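Chain by chain, the residues run as shown.
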Amino acid sequence: LDLNGRVAEITLTWADGEYRFRLDIPRLQELQEKCNAGPNVIFNRLADGSYYVNDIRETLRLGLIGGGTEPSK
């Protein structure tokens, strides 16, 4: 997490390999639009179990795209 550069990024071994997840400002804006909520609201919904499917799906999808995974994958 780089708050000065306003980027959230992590590399994880997940599913079938190692993936970079990155949410920069454009991806966070898209996430906000897709989930009709800001990142902190989405985080809180995930933490307390009141999340929607898109909170999980779009966070992972946009994080993977931001990390360099092709959207079609």
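Before going into details, it helps to say that this report is about the structure given with it. Values in this document were obtained by computation on a predicted structure and should not be read as measured data.

Parameters at a glance
- Residues numbered from 1 in each chain as written.
- Predicted model: local features only at pLDDT ≥ 70, side-chain atom pairs only at ≥ 80, totals over all residues.
- Heavy atoms only, no water.
- Helix = DSSP H or I, 4+ residues; strand = E, 2+ residues; numbered from the N terminus.
- Rg over C-alpha atoms; globule rule 2.2 N^0.38 Å.
- Buried < 20%, exposed > 50% of the residue type's maximum accessible area, 1.4 Å probe, protein only.
- Contact = heavy atoms within 4.5 Å.
- Areas by Shrake-Rupley, 256 points an atom, 1.4 Å probe, with all protein chains shown as cover.
- Lys, Arg positive; Asp, Glu negative; His and termini not counted.
- Charge placed at Lys NZ, Arg CZ, Asp CG, Glu CD.
- Axes fitted to C-alpha atoms, helices over the stretch in contact; angles between N-to-C directions.
- Parallel < 35°, antiparallel > 145°, perpendicular 65-115°, else oblique.
- Nonpolar A, V, L, I, M, F, W, Y, C, P; charged D, E, K, R; others polar.

### Description of the overall build of the protein
Within the protein, the regular secondary structure consists of three helices and two strands. Starting at the N terminus and walking to the C terminus, you meet the elements of the protein as β-β-α-α-α. Since a compact globule built from 73 residues should have a radius of gyration of about 11 Å, the 12 Å found for the protein is in line with a globular shape. Along the first, second and third principal axes, the C-alpha set of the protein runs to 30 × 30 × 20 Å. Burial analysis of the protein (73 residues in total) assigns 25% to the buried set. Counting contacts in the protein only where the partners sit at least 6 residues apart, residues at least 24 apart contribute 38% of the total. Counting only carbon and sulfur atoms, one obtains 51% of the accessible surface of the protein, whose full area is about 5,300 Å². If the 9 positive side-chain charges of the protein are averaged to one point and the 11 negative ones to another, these points end up 3 Å apart.

### Some details on the packing of helix α1 (residues 25–35) against helix α2 (residues 39–48)
Two elements in contact, α1 and α2, have axes separated by 9 Å at closest approach and are oriented at 60°. Accordingly, the angle class assigned to the pair α1 and α2 is oblique. Packed against α1, whose contacting residues are L28, L31, Q32 and C35, the element α2 presents P39, I42 and R45 at the interface. Tallied by class, the residues present in the contact of α1 with α2 amount to five nonpolar, one polar and one charged.

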